[in-house]
Amino acid sequence: MKKKILLPFLFGFLIINSNTAQSIDFEQFRSLRSAGTVPEDFTKLSSEKFQEDRENISTGSSSERRDQETFLLESNFLMDDILHSGRVIFGDPVTNYLNELKDIIFEDNAETRESIRIYTLLSNEVNAFTSDNGIVLVSTGLLAQVENEAQIVFILCHEFNHYIKKHAINNYVENQRIERGSGIYRSLGAGEVDLEKFRYSKELESEADDLGLYLFKKTNYSIAEAQGVFDVLLYSYLPFDEVEFDTTFFDDESYNFPQQYFTDTVSTITAEEDYDDEESTHPNIKKRRDAMLIAAKKIKEEGRQTFIVGEEKFRYIQKLCRYQGCEIYLSDIEYEDAIYQAYLLLLEDSTNQYLKNVITQALYGLSMYHNADATPDWHRYYKKVEGNSQQVFYFMYKIPEYDLNILALKHAWESHLANPENKQMNDICVQLAKELVTKNDALLSSFYDEQRIKTLEVKSKIEENDTITTEKIEEPKIEKVKTKYDKIKKETPEVEEKKEQNSTYWKYAFVDYMRDPDFRNLFDIEKEVEIEDSNYKSKKSKIEYNLGVNEIVVVDPVYVSIDERSKNPVEYEAAESARLELKDKIFTSAEKLDLKVEYVDHNGIAPNDAETFNDLALLNRWISEKLDHLDEDVDMINTTNDEFAELATKYNIDNFAWMGIIAFREREKYIGGKIVLCLFYPAAPFLIYDMIKPNFNTFYFTLVVNSKTGLVEMQYFNKTKVNDNESSQNSNIYYMLQQIKTKHKK
């Protein structure tokens, strides 16, 4: 899966190998947004947090104090990277709900209650994380999977004890002692170091379980209901429910897919709770479950509740997280997962247009990647998928790119007709039609209309009796069971077979639209679109761009400083200071060029400016998805292009720029050999110079995107062999902005 957050300063529960109400319209769902006062966690400089934490270091040997200091430095900066990634939100309905649960847990402990700050992580990973300074991140993926309120409360109790017992920093310091062979670890062999680290981590996890249960039993939540959390853990790699995928889902009255595109049976779910945990940071699930069962026998169940805040609110929050999951799967380019998740939700709300659009966007993405012969590194092969969702992966693996392109266009046009004002969906239709004609050599005349079908009526009846069935297959009757986990424990059902169909089924895809002039026009503009794309690609390859842009929004510039010669190569504090100075340098160069610059960065956000925080979150998620597409050389429309375009109206500026500097100082190589060679006079002057000359690499980059079109207008990247001194920074910044401002001379 993509974009996992597995960082050494965070302790996670489910790792395997002034509030403002938000009105949610599930028919037009959009990603959850932050609201209310921006917490200090998001606005205070990382260096300030580090300095405050460092003052509290008071115990341990000098080496252990250095280890603590290193941990606090890295953890504060890395946590802030997550907080500013666009994936963490505050003041939203989910975060507010989690804080209600926290208040119940610490009803009689105001000091601890206030020291712990919970935020929601927009991720489909089923997990919760705790930092040393009291920040707890709970993923929407976790809330989408748990069965009840008691389970999420037990998980929170576990996480809170990681913070209370300072497990994150203790684990780091102990790992450094293990690596140095200090004290009791002095006799460890080379192969025992990692095993000892795993052992210590499991010890901390067991302690968090034990103390978490102790904290949990002080509440009035049901311990019996909470025990099901280990099923959530065991099957967390599966979707939130296990339901057979209807193989006629993409069919209509005359457009039916051949049986060979589907598998007769899906892979059995093989999750094992008593796995070998020797090289794991957590005890295996069986050990954790058994330990909880033993401890739970001492707790009286009578009078305890599954829900205290309320089941209705829990179900609402869970629904939000499941809808959010669709959005995340799309932006993370996990399109098969998006389809299956939307399919599950459509079983509860069959007319929901947002869910239908999710499936359209996923089909569009799959078609564009198939046509480009591109596969992201994190994409799962269908044989690696277990359970009923495998049917979707198998179908997308088997369907030819031509047929998939047709299916995607059919769904896109249906979504367009449902909301003709949706520009993004119209743009998707245009691009899919262009792909169908230019890359798959399709002709509109190849598809059947109603009149053509009538002339083939007799032949169709013969084929129906011989090789085709056009009868609507009844939906399989699914036995009603209580939960996903009950279904998993039952025998995996076989996928119902469909009779064989002929290879020309795709001709029936557009029967209902062949007489629609707007639909037919899609096939008449391929040359115009191709010219536009040609211009776009030429802009990507140019060294000089000369965009002729008079105003631009600069988004959260990046500055990274790395010195390989150091034990701790990332220079966090120096890079932060240099990044803050970038603002003045950008404005100075822009002023010389008469270029208007609007600057949006996380350090400039005021406590009462949640809207700017949301804008920045959207921009960061948008560019992350765009970079993934660019890495695979796939030219397609981002999931949130419509929201990005709205920012152009808000800022009254069309073009947005992401800029940055990466300063890299390499470790001197072969230095021992060079010292020896210096003994030989002829080579000595040159080798001595080579040894004392620093090995610098500095990278300057700029991406400029037109928010109305979603096109990357400029991709500039320059590598220099000089350090990142003032003059080098100023000259490169000036040149990058000059390429934005200057208009090409004809």
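None of these values were measured; they are calculated from a predicted model.

Chemist: Looking at this structure, I do not really get the overall build of the chain. What am I missing?
Modeler: Looking only at helices and strands, the chain features 29 helices and 11 strands. Within the chain, the fraction of its 746 residues that count as buried is 56%. Accessible area of the chain: about 34,900 Å², with a carbon and sulfur share of 48%.

Chemist: Could you clarify how one ought to interpret the nonpolar core in this entry?
Modeler: Side chains that are nonpolar tend, in soluble globular proteins, to be buried together. Membership of the largest hydrophobic core comes to 129 residues, with the highest contact counts inside it found for Val138, Phe216, Phe250, Phe257, Leu409 and Phe510. Of all the elements, helix H15 (residues 353-371) adds the most residues to this core, at 10 residues. Apart from the residues within four sequence positions on either side, Phe510 is in contact with Ile406, Leu409, Lys410, Leu436, Phe447, Tyr448, Phe519 and Phe523. In this structure, Ile135, Trp622, Phe644 and Ile653 belong to the second largest nonpolar core, which totals 33 residues.

Chemist: Even after reading the chapter, I still don't get the packing of aromatic side chains, so can you show me in this structure?
Modeler: For any pair of aromatic rings, geometry is given as the distance between the ring centres together with the angle between the planes. Taken as a whole and assessed by the stated rule, the structure comprises 54 aromatic pairs. Between Phe42 and Tyr119, the aromatic rings sit 4.9 Å apart at their centres with planes inclined by 75 degrees, giving edge-to-face as the arrangement. Of the two residues, Phe42 is situated in helix H1 (residues 40-43) and Tyr119 in strand E3 (residues 117-121); the sequence distance between them amounts to 77 residues. Of the residues examined, Phe42 reaches a relative accessible area of 2% and is grouped as buried. Owing to a relative accessible area of 4%, Tyr119 belongs among the buried residues under this scheme. Both rings, one in Tyr448 and one in Tyr508, keep their centres 4.9 Å apart while their planes meet at 90 degrees; by these two values the pair is edge-to-face.

Chemist: Can you walk me through the side chain of Asp615 in this structure?
Modeler: In this fold, Asp615 is placed in helix H25 (residues 610-631). Side-chain polar atoms of Asp615 contact the side chain of Tyr651, separated by 2.9 Å. Sequence-distant contacts of Asp615, that is, excluding residues within four places in its chain, are made with Leu647, Lys650 and Tyr651.

Chemist: Can you help me understand the pairing of strand E6 (residues 551-555) in this one?
Modeler: Consecutive side chains of a regular strand alternate in pointing toward one face of the sheet and then the other. Most of E6 sits out of view: four of its five residues are buried. In this structure, E6 lies alongside strand E8 (residues 596-600), joined through five bridges in parallel fashion. Following the sheet pairing, Ile552 is matched in E8 by Val597. As paired strands, E6 and strand E9 (residues 655-665) are joined by two bridges and run parallel to one another. For Val554, the partnering residue across the bridge sits in E9 and is Ala657.

Chemist: Is there a simple way to think about the side chain of His416 in this case?
Modeler: Position of His416 relative to the elements: it lies in helix H17 (residues 401-418). Its relative accessible area of 10% is what places His416 among the buried residues. His416 has contacts with Met425, Asn426 and Cys429, leaving out every residue within four places of it along the chain.

Chemist: When you look at the packing of helix H14 (residues 335-346) against helix H16 (residues 390-398) in this model, what are you seeing that I'm missing?
Modeler: How two helices sit against one another is set out by the angle between their axes and by the gap between those axes. Direction vectors running N to C along H14 and H16 enclose 130 degrees, while the axes themselves pass 9 Å from each other. In terms of orientation, H14 lies oblique with respect to H16. Here H14 runs over H16; the crossing is right-handed. The residues of H16 that touch H14, namely those facing Glu336, Asp337, Ile339 and Tyr340, are Val392, Phe393 and Met396. For the contact of H14 with H16, the per-class residue count stands at five nonpolar, no polar and two charged.

Chemist: Is there a simple way to explain helix H4 (residues 93-105) in this structure?
Modeler: Owing to its 3.6 residues per turn, the α-helix brings residues three or four apart onto one side. Taking 1.5 Å per residue, 13 residues should reach 18 Å; H4 reaches 19 Å between its end C-alpha atoms and fits that length. Those residues of H4 lying buried are Pro93, Val94, Thr95, Asn96, Tyr97, Leu98, Leu101, Lys102 and Ile105. The N-cap residue of H4 is Asp92: its side-chain oxygen and the backbone nitrogen of Val94 are 3.0 Å apart.

Chemist: So what exactly am I meant to see when it comes to unusual backbone geometry here?
Modeler: As a rule of thumb, non-glycine residues mostly have phi less than zero, and peptide bonds are mostly trans rather than cis. Of note, the phi angle at Lys166 is positive, near 55 degrees, even though the residue is not glycine. Note that Lys166 resides in the loop between helix H7 (149-164) and helix H8 (167-180). Even without glycine at this site, Asn546 takes up a positive phi of about 50 degrees. Structurally, the position occupied by Asn546 is in the loop between helix H23 (526-541) and E6.

Chemist: Please explain the pattern of salt bridges as it appears in this structure.
Modeler: It is possible for side chains bearing opposite charge to pair when their charged atoms get close. Under the criterion given, the structure shown has 34 salt bridges. Note that Lys287 is salt-bridged to Asp277, the shortest N-O span being 3.1 Å. Taken together, the residues Lys287 in helix H12 (residues 285-296) and Asp277 in the loop between helix H11 (229-234) and H12 connect sequence positions 10 residues apart. For Lys287, a relative accessible area of 46% gives the class partly exposed. Of the residues examined, Asp277 reaches a relative accessible area of 7% and is grouped as buried. Of the charged contacts, one joins Glu551 and Lys596 as a salt bridge, the two residues approaching to 3.9 Å between their closest N and O atoms. Taken together, the residues Glu551 in strand E6 and Lys596 in strand E8 connect sequence positions 45 residues apart.

Chemist: What should I look at first to understand the environment of Ala374 in this one?
Modeler: Tracing the backbone shows Ala374 in the loop between H15 and H16. The buried category is assigned to Ala374, whose relative accessible area is 12%. Discounting chain neighbours no more than four positions away, the residues touching Ala374 are Tyr369, Glu632 and Val634.

Chemist: Looking at this structure, how should I read the packing of H15 against helix H18 (residues 423-438)?
Modeler: Closest axis-to-axis distance for the H15/H18 pair is 11 Å, and the angle between their directions is 30 degrees. The angle between the axes of H15 and H18 places the two elements in the roughly parallel class. Once H15 is placed against H18, the crossing between them reads as left-handed. Counted together, Asn357, Thr360, Gln361, Tyr364, Ser367, Met368 and Asn371 of H15 and Gln424, Met425, Ile428, Gln431, Leu432 and Glu435 of H18 form the full contact between these two elements.

Chemist: Quick question: what am I supposed to make of the environment of Glu643 here?
Modeler: Residue position: Glu643 is located in helix H26 (residues 641-651). Residues Glu643 and Lys708, spaced 65 residues apart in sequence, show a C-alpha to C-alpha distance of 9.8 Å. Setting aside its immediate chain neighbours within four residues, Glu643 contacts Arg30, Glu327 and Leu618.

Chemist: What is the right way to read the confidence of the model for the chain from this model?
Modeler: The predicted coordinates ought not to be read in detail in places where the model reports low pLDDT. Here the chain averages 87 in pLDDT, and 85% of its residues register 70 or above. When the criterion is pLDDT under 50, residues 494-500 qualifies, and its contacts beyond four places in sequence or with other chains add up to 30 contacts. Residue range residues 674-681 is modelled with pLDDT below 50. Its contacts to residues more than four positions away, or to other chains, number 12 contacts.

Chemist: Would you mind going over a negative patch on the surface with me for this structure?
Modeler: On the surface, a cluster of negative charge is contributed by Asp194, Asp276, Glu278 and Glu279. Here Asp276 lies in the loop between H11 and H12. Overall, the relative accessible area of 62% leaves Asp276 in the exposed class.

Reading the values: the criteria
By convention here, each chain's residues receive numbers from 1 onward along its written sequence. Whole-chain, interface and lining totals are the exception, using all residues; otherwise, since this is a predicted model, local features are given only for residues with pLDDT of at least 70 and side-chain atom pairs are given and counted only at 80 or more. With hydrogens and water set aside, each side-chain value is computed from the structure's full complement of heavy atoms. Secondary structure follows DSSP: runs of H or I at least 4 residues long count as helices, runs of E at least 2 residues long count as strands, and numbering of each begins at the N terminus. Type-normalised accessible area, obtained with a 1.4 Å probe on protein chains alone, sets the label of each residue: buried when under 20%, exposed when over 50%, and partly exposed for intermediate values. To be clear on the numbers: accessible area is Shrake-Rupley with a 1.4 Å probe, and residue cover counts the displayed protein chains and nothing else. The term nonpolar core refers to a set of buried residues drawn from Ala, Val, Leu, Ile, Met, Phe, Trp, Tyr and Cys, joined through side-chain atoms within 4.5 Å. Throughout, a contact is declared for two residues whenever any of their heavy atoms are within 4.5 Å. Here a pair means two rings of Phe, Tyr or Trp (six-membered ring of Trp) with centres within 6.5 Å. Their orientation is stacked below 30 degrees between planes, edge-to-face above 60, and tilted elsewhere. Polar contact is defined as a pair of N or O atoms within 3.5 Å, subject to the rule that within protein one atom must be able to donate a hydrogen and the other to accept it, and that residues adjacent in sequence are counted only when both atoms are side-chain atoms. A strand pair is defined by DSSP finding two or more bridges across the two strands. The convention used is that axes are lines fitted to C-alpha atoms, helices contributing only their stretch in contact, and that angles between N-to-C directions extend from 0 to 180 degrees. Working definition: roughly parallel below 35 degrees, roughly antiparallel above 145 degrees, roughly perpendicular at 65 to 115 degrees, and oblique for all remaining angles. Handedness of a helix crossing follows the sense of rotation of the near helix relative to the far helix, less than a right angle counterclockwise being left-handed and clockwise being right-handed. Three classes are used: nonpolar for Ala, Val, Leu, Ile, Met, Phe, Trp, Tyr, Cys and Pro, charged for Asp, Glu, Lys and Arg, and polar for all others, with Gly counted as polar. The span expected for a helix works out to 1.5 Å for each residue beyond the first. What counts as a salt bridge is simple: a side-chain nitrogen of Lys or Arg found within 4 Å of a carboxyl oxygen of Asp or Glu. In predicted models, pLDDT denotes the confidence assigned by the predictor to each residue on a 0 to 100 scale. Residues qualify for a patch when their relative accessible area is over 30% and they have no salt bridge, like charges being joined within 9 Å and the nonpolar side chains of Val, Leu, Ile, Met, Phe, Trp and Tyr within 5 Å. Note that His is not counted, nor are the chain ends; the positive residues are Lys and Arg, and the negative ones are Asp and Glu. To locate a charge, the coordinates of NZ of Lys, CZ of Arg, CG of Asp or CD of Glu are taken.

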